Every structure is written in C-alpha cells, then in structure tokens.
Amino acid sequence: MGRKKSPLTAFLTVPYLVWMAIFVLVPLGMVLYFGFTTAEGQFTFQNFQSVLKYGDTFFKSIRLSLVATVICLVLAFPLGYIMSRMGEAGQRTMLLLIMLPMWMSFLLRTYGWMTLLENEGLINRFLELFGIGPLSMINTEGAVVLGMVYNYLPFMVLPLHSIMIKIDKSIIEAAEDLGANGFYVLIKVLIPLSLPGIITGITMVFVPSVSTFVISRMLGGGKNVLIGDLIEQQFLGTVYNPQAGSAMAIILMVLILVIMGIINRFDSEEMEGMMV
Amino acid sequence: MKRAISFLLSAVMLFTVAAAFSSCGSDGEEKAVLRVYNWGEYISDGSEDSLDVIEAFEEEYNVEVIYDIYATNEEMYTKIKSGAVDYDIVIPSDYMISRMIEEDMLEKLNFDNIPNAQYIMDDFKNTDYDPNGEYSVPYTWGTVGIVYNETMVSEVPDSWNALWDEQYAGNILMFSNSRDAFGIAQKLLGYSQNTTDEAEIRACADLLKEQKSVLQTYVMDEIFDKMEIGEAALAPYYAGDAVTMMAENEDLNFVVPNEGSNVFIDAMCVVKGSEQKELAEKFINFMCETEIGKANIEYICYSTPLQNVYDALDEETKNNPIIYPDEELLSRCESFVNLPEETNLLIQDLWNEIIVE
Amino acid sequence: MRKARFFPKIYIGLSLLFLYAPIFVLIAFSFNESKSRAYFTGFTFKWYKELVQNDAIMSALFNSLLIAFLSSIIATVMGTIAAIGINSLGRRKRGFVMNLTYIPVLNPEIVTGISMMLLFVFFKQLMDLPLGFYSLLIAHVTFCLPYPILNVLPKLRQMDPSLYEAALDLGCPPLQSFFKVVVPQILSGIVSGFLMSFTYSLDDFVITYFTSGSGFSMLPVTIYSMVRKKVNPQINALSAIIFLLVLALLIGMNIAEAKKAKKE
C-alpha cells in the first residue's frame, strides 16, 4: 500500500484538506467558541450551567434512542440473516426493497405515520371495526420511538446483511453437526461473527436518533421535546441564543462519543467496507 | 451498468440545463425581488378560487416575491435576529412590534408611498406599540378565545378552566407559543397579561405545568386540521381562524371566556436594512387596497382595521359577532405590550421548563 | 422442518409491511376526493394537477435538483482527486486524513447544521453575503465529500499500481495514462460515490434547514413547512410521484447490474 510515496501525488489531498478545514473544523471551532463565551465574547462556563436544568431532556433523548436502537437490532438481526441465506436474485430484490424507502424523503415517510397514528387515523378506524379504541398513539413517547425505528431500520439491516453474507454456511453446519442447538449457534457463532456489522448498525441508528428534532416534533407533538428540539429552538425557534445552543451541541457530541466509546472501540478502516 | 448510468446522468444534466434556461430565458432583465415573511394561512393564496394576492402584486409591479411563513412571533424574531435570513416585510403582533422598534430592527416608513394608510380606522392610529404610527400599518386584529367541537363537550366552555378540565383529558390542544399560553394562565388567575411580577409569572407557569397532563399536544397552524377532522375537542386560538375552521366543520363553535382575553393587532412592517424599502412600502400599500384587502379578509376571516375594506364586506361578515365583537366583550380584553428584557427571559425559561418536562 | 422454512417468509412479509404501509397509505389517499385521511370518498387526480401547478413546490424541486447535481459533481471530482492523494500517504498521515473525513459522516446532522449556520452568519457579517444558493452549495458539497472518497479508496487499493507505471514506461503522458488506465479501474467507485452524494444531497433536510437562509427554497424545507400547516393532499401526490421515480431508478440500475453480472 505504501508502495509509492510520490510527494507530488500526496499534494492532491491539499484542496480537500483546505476545504475540510474551512467548512468542517472552523465551524466546529465556532461551536466551541460560542459554547464557552458570553454574548460579549468573554470566557464563561455559564452556558453549561444554564443547560444543566435540561438534564432530564438529555436522559429522555438517550433513553428513547437506546430503546429504538435495541428494537432495530432485534428486528434487523433475523431479517439480515434470512436475507443473507437467500439466493442472489432474492438478495438483490430484498436489498432494493429495503433501500427504496430510504431514498424517499424521510419527512414524507414520517408524515405517513402521522396520518396513520392519529386519533381519527386509519389504524384507529380499523380497530374500531373490532370495537377497540380509539387508542391515543400520536404525540406519545411510543410514537417517537416508532418513528426512529421506522426511519433508521434500514441502517441496521444493511450492515448486518453485508457482514452475514461473509459468514460461511459450513461454519454454522459444523456447529450444528457438533451438537449445538439453535440458541447456542446464535450466541456462540452468529453474533460474534456479525459483531462488526452490529456495531456499525448501532452507530448508524443511535446517532441520528439521539439528535433528531423532526421525528419528535412530528410524532411527539410539542409534548415530547428531545435534545435536538432544544438545540433547534436556540437557533431558529423561540429565542436566539447560540451560546446556550452551542453548549447543548457540545454536550450532545461528548455524550455520543462516550456512549459510542463504551459500545465499541472500532477501527475506522472497518467502515470503509460498509459504505459501499 | 455503465450505459444506464451515463444515460441517467445525461438525462439529469439535460433536465437541469433546460430548466435553468426556461426559468431565466423568458424575461431578459433581472426582476426586483421582494421578500415577504408572514404567518402561515394568513393571506389569500389562490386556493379554493380566491385571489392570489402575491401573484397579483408580482404582475402589477413586474417583480418577484419570495414568500415564506412562520408560526409564531418568537420564531420570526429569532430567525431575523440570528442573521441567517433576510426579509423586507414582516407582519408581527403588537407587542413584538414594540420589541423590534426598541431593538432597532424596523425601518421607519415613508407614508408618501402608502397613500392607502388614510383608510386606517381611528382606533388603530395611535397605538401603544407604535405611538406615532411611524413603523407599521395594521393588517388585521382579533380576539383570542376557545374553539370547541359541540359534539365533544358537555357545555359551552365559557371559562379558561375548560382547558384544564379532566373530562376532556387528551382532547385539549394548547398554544405552542409562550406569550399566548401565559396570557391564558394570567387571565385565569386574574392577573394582567402584561404583569412583570415574578411571583405572578411563576404561578402561571405552575398552572401551565399542571395543564400538561390533560393536553393532547401544543400547536399553532396544525390546529386547523386537528379541529376540522374532530381530532380534538377544544383549543384556544384566534377568532379569525376559528371562523375559517367553522366553515369546514359545522360542529365547531367559538367563545371568548368570561375571565376576559387578549385582543391583538398584527401590522405590516419593513425590516431594518431592507434593500427594497420603497417596493416594500408599495407592497404595504397594495395590501391596503380595497379589492386586495377584501380578498385577504374574506379568505383569512380576521377583522380588518381598514375602513375601505370594512365597507366593502358583505353584511353577514360585518355582523358576525365573532369577527366584530361588541364593546362589552372588547372591554374585557387586554392587549399585550412589550415586556422588560428580564421578564421576557423569565417567561422564556419557564416556558422551556414547561415543555421539556 | 416445514415450520422452519415458513417462518422466514412470514417475517420478511411483516417487515416489508412495516416499511411500506405508511408509503402505500400516502399514495392511496393521494387519489382521495376529499381531504380526509381516514375515509376514502371518491377517486380523483385533482391533487396531482394542483401539485404540478404549485409554483412553490415546483421551484423548490428544481432548486433541490440543481443543488444536488452541482454539489455531487463537485464533491465527486474533489473527492476522487483527494482519494488518489490519500492512497499515496503513509499510514499515520492517512489515518489523520481519514479521521477528518469521518467527521461529517459520524457527527450528528444537527451539529453540522448549526456549526455551518454559525460560519455562514459570520461570513454574512464580514462580507455582506446573504445565505442562500452559495451557502447551500458549500454545505452540500461538504457533507457529500466523504462518500466519493470512501467509495473510490477501496477501488484504488485493489488496483495494480504497476499498470499505471507500465503505461508511463511505454511513453504515455501522465495525464493520459491516468484517464486511460486508472479511471476505468476506479470508475465503479466514482459512480457509486456520485450516486450516493446525489441522493444524500436530495434527501437532506436538517443541514439544509439550518443553512438555507431566505429566498432559495429547497424541497425538504418546503415539505416541512407544508406538513406543519393545514393538511394538503398535494403532499400525498408528491410522495406517490417520488416513490415511482425512485422505484424506476432502482429497478433500472438493478437490471443493468444483473445483466453485467451475467456477462461476467
């Protein structure tokens, strides 16, 4: 790989590095700056102190998105496995069917759930036929979790599938021949072998879930405010307070880093393969 | 694969180029652009056979109008304040206008360009929020009351207490903006809607927190849909919009509670630093023309502060007690004024606590 | 044993039902005569007609396509060049650059959005440059850039470097050897990088929402302000059209790929 270290070729990265410095690093630096200064530009920890009172909102965001991540994993694991054991044409079709909704605007798909879950919505109309309900589903925590699971499930299925097709059928058969039951095969063979896919999937579901403000706004009503909503409110909502908003964003980033650090110490090289 | 991709790419490219040409090819010279920032559902927009006011203005003055909407005064204020957006025209409510005047966010108007300002009724000329009438031209006014679905309530909700009533739990909607929400709590507790007393404001916040358990959700423009299809039983909202909803669903009705309420004026203003100030003033003048004003008022159902527009309305509208309430009712209503900065901050903080809980 | 084979089919069926139910409901009600979302009162095409005549949506759609097209082209060119550079770096430098590349991928969108908003507002104060087309283009290029890189790099690594050198040895000028030898081998990576950028750009709401300013409306932001207002079945009609377009696109690409696979 490091075969030909032509200095000239290395210079090809310069425009890219300059671009990323100006439009990624500088903006993040500005978030740090705003988070640690007052409106007058003096250094302060005040912004973080003022954010402390929203601790419950942080916990709620983490709780709901962890629940959504776990549900995604439980739903996606069998799906990814079943898909990986299908024939080539079947796999191709399934991948297409899983990816298709992802290519549609997630606002439209979430809007679809909004109309389904309403008190006067289709699901309640349907339940009414059996004399059940009406259940109040919209504007609840459950609706927010549902929205997260729905929107980000493909992000869990795809990496799981692409790691599981690499698992050799004969390994599982060998384990079965040696007398392992289904559960044992799952715990001792399947899960350890698909671990990189699981970790990628968790990252790709948890990060957008914990920072969303659209899903909570559309499916949670004004009653289920998450950390993303709070940040949005500081910039484009009820009061322009980039200092408090930046402090919240910094805490959010640190929380994500800590949680992801606990879940994995994954090698960035692993991900390259997953992106394709 | 390669062929499919290159076909796809050239199709996209052709489309882009064609669209680029068609959008700028038709009219050679650059048109002046006016940016209007208005409330949602607050202008006659051409739907349901109404007049498309924006299009009419574009044609009359051969300009392009960029028209965006906001849901609350606070949202509009935040976006302008952030510097991320540039608009020429905004239509804030009374208290927000005085706040923006104080913070030097509005331009003084040149009334030579707004001859139609002569039609402003006397009651709306020297207002508290713009004492010399230099910054704003009133667009509409109205009261706040409770919209309710007669089939879903046991009695007329003529007290704000109905919005805390356990029997309607899960069927009550509430304002998602702090000023209107606190205004209701203030009336219910018998305080002024412009109180700056911290203890009074905290008492209101406690009341609003208590309310959360019976609420379905907090709304602004989403209310139309929810009330029209019977998704909720009752909700506080603006009189004009209540009339719009009542036209869609005949089970709906509107009442201004006995404790009194808020009466508001929304007025057109030009944002500080507007590059199209004169055009913006022409737009304000255009909105005050009899035909245009009538089309807007008939579409949005709010009350008009303009004599010419009022005279042009049909008798039924003029005599609608919801849109043009009597003196007795108005005497029970209060209008918002801008509050001191620390009170604004306190309300904002408490409101955040209420919604995140 | 039969049970065991039956279960996967049911499971896949239920999963697909979950994924498609809201979409199909949206599409079904795009043909509904009334605005009701629970009762079907009659068949109509009128929402499609209104949608096509809706200038706000149509110009937003055009703007979104324009930004998606330009930003993915720029990101693909810049990303491919960068990938070639990165490929020649030593392990440590390479690790540093790759970490930088992952920032926009792994950072929550809302943080990217507000950070860029802060930057553009700063630019505006500095140079009187209002947010709009330029800020959107920069923002979209920035969050698209990692995808061409991540798609092209593996292809570069699979490539035999001696081929390029052989072309040089045979007297072919460097630029020509690059286009004749290197590009064909990494083309599939470039194309998938471009397509990913294009779809991410078209679909992005959060970063667009924070960086669009006023005056240059983008489709997702327009949809967001529509769903917050009165319900409008034009949204359903729009969903149906987008669904069909995406379906046609994916099926077309799939058939092409299947054909290619057969040939090989």
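Only a predicted model underlies this, so the values are computations on that prediction, with no experimental measurement involved.

(A) Structural view of the overall build of chain A. Helices and strands together make up the secondary structure of chain A, namely 15 helices and zero strands. Across its three principal directions, the C-alpha atoms of chain A cover 75 × 70 × 35 Å. The burial tally for chain A puts 48% of its 276 residues in the buried class. A fraction of 72% describes how many contacts in chain A between residues 6 or more apart in sequence connect residues 24 or more apart.

(B) Examining the interface of chain C and chain B more closely. Of the residues lining the interface, 25 residues belong to chain C; the matching set on chain B comes to 24 residues. Every element with two or more residues in the side of chain C that touches chain B is listed here: helix H3 (55-87), helix H5 (109-127) and helix H12 (234-263) of chain C. Sorting elements by how many residues they give to the side of chain C that touches chain B places H12(C) first, with five residues. Along the lines of polarity and charge, the residues of the side of chain C that touches chain B split into 12 nonpolar, seven polar and six charged.

(C) A look at the environment of C:Asn99. Of note, C:Asn99 is situated in helix H4 (residues 91-106). Distance from C:Asn99 to C:Phe18, taken between C-alpha atoms, is 36 Å for residues 81 residues apart in sequence.

(D) View of unusual backbone geometry. Residues and elements named next belong to chain B. A positive phi is found at Asn62, a non-glycine position, where the angle reads about 50 degrees. Mapping Asn62 onto the fold places it in the loop between helix H2 (53-61) and strand S2 (64-70). In the Ramachandran plot, Cys301 falls in the positive-phi region, its phi being about 70 degrees despite a non-glycine side chain. Here Cys301 is to be found in the loop between helix H10 (290-300) and helix H11 (307-312). Judged by the 23 C-beta atoms lying within 10 Å of it, Cys301 is buried.

(E) Local environment of the nonpolar core. Counting 239 residues, the largest nonpolar core has A:Met248, B:Val147, B:Ile172, B:Leu234 and C:Ile114 as its most contacted members. Here this core spans two domains, since at least three of its residues come from each of domain 1 (33-139 + 265-324) and domain 2 (142-263 + 336-356) of chain B. Ignoring anything within four residues of it in the chain, the contact list for B:Val147 reads B:Met227, B:Leu234, B:Ala235, B:Tyr237, B:Ala242, B:Met245, B:Leu252 and B:Phe254.

(F) Seen up close, helix H4 (residues 94-102) of chain B. Residue and element names in this part refer to chain B. Of all nine residues that make up H4, seven are buried, and the element is covered over most of its length. Regarding H4, the residues found buried are Asp94, Tyr95, Met96, Ile97, Ser98, Arg99 and Met100. Of the surrounding secondary structure, the elements contacted by the buried residues of H4 are helix H3 (73-82), strand S4 (136-149), helix H5 (178-188) and strand S9 (261-270). Positive phi shows up at Asp104, right after H4, with a value of about 55 degrees.

(G) Geometry of the interface of chain C and chain A. Taken together, the contact pairs 67 residues of chain C with 67 residues of chain A. Residue classes in the side of chain C that touches chain A are distributed as 50 nonpolar, 12 polar and five charged.

(H) Fine view of the confidence of the model for chain A. Residues and elements named next belong to chain A. Taken over all residues, the pLDDT of chain A has a mean of 88, while the share at 70 or more is 93%. The weakest mean pLDDT in chain A belongs to helix H15 (residues 268-275) at 44; the strongest belongs to helix H2 (residues 13-35) at 96. In this model residues 267-276 is a low-confidence stretch, pLDDT under 50, and it forms 16 contacts with partners more than four residues away in sequence or in other chains.

(I) Examining the domain arrangement of chain B more closely. Residues and elements named next belong to chain B. Partitioning chain B into domains gives domain 1 (33-139 + 265-324) and domain 2 (142-263 + 336-356). If you look at the interface, domain 1 gives 20 residues, while domain 2 gives 16 residues. Elements with a minimum of two residues in the side of domain 1 that touches domain 2: H3 and H4. Tallying contributions element by element places H4 first for the side of domain 1 that touches domain 2, with five residues. In terms of residue class, the side of domain 1 that touches domain 2 is built from eight nonpolar, six polar and six charged.

(J) Examining the packing of H5(B) against helix H6 (residues 198-211) of chain B more closely. Residues and elements named next belong to chain B. It is the contact of H5 with H6, at a shortest axis distance of 9 Å, that shows an interaxial angle of 105 degrees. Overall, the two elements H5 and H6 adopt an arrangement that is roughly perpendicular. Two secondary-structure elements touch here, H5 through Ala181, Phe182, Ala185, Gln186 and Leu188 and H6 through Cys204, Leu207 and Leu208. Looking at side-chain class alone, the contact of H5 with H6 contains seven nonpolar, one polar and no charged residues.

(K) Molecular detail of the pairing of S4(B). All names here are of chain B. Most of S4 is tucked away, with 14 of its 14 residues classed as buried. In this sheet, S9 lies alongside S4 in antiparallel orientation, the contact comprising seven bridges. If you follow Val137 over to S9, its bridge partner there is Met268. Inspection of the sheet shows S4 paired to strand S7 (residues 234-238) by five bridges, in the antiparallel sense. Considered in S7, the bridge of Ile146 is made with Pro236. Relative to strand S8 (residues 252-255), S4 runs antiparallel, the two being bridged by four bridges. Residue pairing across strands places Asn149 opposite Leu252, the latter belonging to S8.

(L) Structural context of the confidence of the model for chain B. This prediction gives chain B a mean pLDDT of 91; 92% of its residues lie at or above 70. Here the complex is predicted with pTM 0.91, and the ipTM for its interfaces comes to 0.91.

Calculation criteria
Residues numbered from 1 in each chain as written. Chains lettered and ligands numbered in written order. Predicted model: local features only at pLDDT ≥ 70, side-chain atom pairs only at ≥ 80, totals over all residues. Helix = DSSP H or I, 4+ residues; strand = E, 2+ residues; numbered from the N terminus. Buried ≥ 20, exposed ≤ 12 C-beta atoms within 10 Å, placed from the backbone. Contact = placed C-beta atoms within 7 Å. Nonpolar A, V, L, I, M, F, W, Y, C, P; charged D, E, K, R; others polar. Core = buried A, V, L, I, M, F, W, Y, C linked by C-beta atoms within 7 Å. Domains from an automatic or database assignment. pLDDT = per-residue confidence, 0-100. Axes fitted to C-alpha atoms, helices over the stretch in contact; angles between N-to-C directions. Parallel < 35°, antiparallel > 145°, perpendicular 65-115°, else oblique. Pairing = 2+ DSSP bridges.

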